[in-house]
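# Chains, contacts and geometry: an overview
The primary structure of each chain is shown beneath.
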Amino acid sequence: MTTNKKNAELREQLIAAVIKKRAALARAHQIVVTLLEPQIEEAAFIDMLAEIGPENYADVVEERHINKLCGYPLCAVAVEKVTTKKYQICGIKNKVYDLTERKKFCSGQCFKASEYIKSQIPTSPLWLRDKEQRPNFKLFPIKNDATSL
Ligand SMILES: [Zn+2]
């Protein structure tokens, strides 16, 4: 192979890699926007998790919180009254809890469910995900208390 031809080929590969990276980042951004909707289907949610990173997920929680929605994308509860307290002291456990993250959710259950999902989101580069095995995401089992209300 001539040097010129080799260089051209390398250049082409590099351009293809850049295009792929940009497309993956754009897709992740689009997913963040989609997950700001109040009603997200479970199956669609799980599909989308494979194409975002933990920082994208954190953006989703933050943006939903700003829009006065529960931070957990599968929950459509509006969180109107947000505590202004930053810490809560538990006398029984003699512990101080930071509420910064917790107050972005309508309930302790949604907070746990969200943390559970977040811990499963891969940290690998988004544009290399197609070469990886897709994780088997598991949703936090939400107890249905509707009957006891
Ligand atoms: Zn919720």
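For the structure, check the block above.
Before going into details, it helps to say that this report is about the structure given with it. This one's a predicted model, so the numbers in the text were calculated from it and none came from an experiment. (Residues numbered from 1 in each chain as written. Predicted model: local features only at pLDDT ≥ 70, side-chain atom pairs only at ≥ 80, totals over all residues. Heavy atoms only, no water.)

Turning our eyes to something else, we now look at the coordination of the zinc ion. Around the zinc ion, the protein contributes the donor atoms C70 (SG), C75 (SG), C106 (SG) and C110 (SG), at 2.3 Å from the metal centre. Classification of the site at the zinc ion rests on its four donor atoms, whose angles at the metal span 105 to 116°, yielding the label tetrahedral. All donors to the zinc ion come from one chain, and their sequence spacing reads C-x4-C-x30-C-x3-C. With C70 in the loop between helix 3 (54-66) and strand 1 (87-90) and C106 in the loop between strand 2 (95-98) and helix 4 (108-118), this pair connects stretches of sequence that are 36 residues apart. The exposure class assigned to C70 is buried, which follows from its relative accessible area of 0%. (Donors = N, O, S within 2.8 Å, 3.2 Å for Na, K, Ca; no water. Tetrahedral: all angles 85-135°; square planar, octahedral: opposite > 155°, others 65-115°. Helix = DSSP H or I, 4+ residues; strand = E, 2+ residues; numbered from the N terminus. Buried < 20%, exposed > 50% of the residue type's maximum accessible area, 1.4 Å probe, protein only.)

Okay, the side chain of S114 next. By the secondary structure assignment, S114 is in helix 4. Apart from the residues within four sequence positions on either side, S114 is in contact with Y57, V61, Y72 and F105. (Contact = heavy atoms within 4.5 Å.)

Glancing now at empty space enclosed by the protein. Evaluation of the coordinates by the stated rule reveals one cavity of 30 Å³ or more. As a volume, the largest cavity reaches approximately 40 Å³. Mapped by element, the contributors of at least two residues to the lining of the largest cavity are helix 3 and helix 4. (1 Å grid on protein atoms, 1.4 Å probe; cavity = no way out; pocket = protein on both sides within 12 Å on 5 of 7 lines; lining within 4 Å. Points joined across faces, edges and corners; volume = space filled by probe spheres on them.)

Bringing the pairing of strand 2 into the picture now. With four bridges joining them, strand 1 and strand 2 adopt antiparallel strand pairing. Residue Y87 lies in a different strand from strand 2, and its bridge partner there is D98. Taken together, strand 1 and the strand that follows it, strand 2, pair antiparallel across an intervening segment of four residues, in which N94 is found at a positive phi of about 55°. (Pairing = 2+ DSSP bridges.)

The next subject is a nonpolar patch on the surface. Judged by side-chain polarity, Y87, I89 and V96 come together as a nonpolar surface patch covering roughly 350 Å² of accessible area. You can see V96 is positioned in strand 2. (Patch = residues over 30% accessible without salt bridge, like charges linked within 9 Å, V, L, I, M, F, W, Y side chains within 5 Å. Areas by Shrake-Rupley, 256 points an atom, 1.4 Å probe, with all protein chains shown as cover. Salt bridge = Lys/Arg side-chain N within 4 Å of Asp/Glu carboxyl O.)

Moving on: the side chain of K104. Its place among the elements puts K104 in the loop between strand 2 and helix 4. Given a relative accessible area of 8%, K104 falls into the buried group. Separated by 2.7 Å, the side chains of K104 and E62 make a polar contact. Contact partners of K104, with chain neighbours within four places excluded, come to V61, E62, H65, L69, C70 and G71. (Polar contact = N/O pair within 3.5 Å; in protein donor to acceptor, adjacent residues only side chain to side chain.)

A complete count under the given rule lists five salt bridges for this structure. Its salt-bridge partner being K20, residue D130 comes within 3.2 Å of it at the nearest N-O pair. With D130 in the segment after helix 4 and K20 in helix 1 (residues 3-34), this pair connects stretches of sequence that are 110 residues apart. When its relative accessible area of 31% is taken as the criterion, K20 is described as partly exposed.

Purely spatial values, then, with no claim about function.
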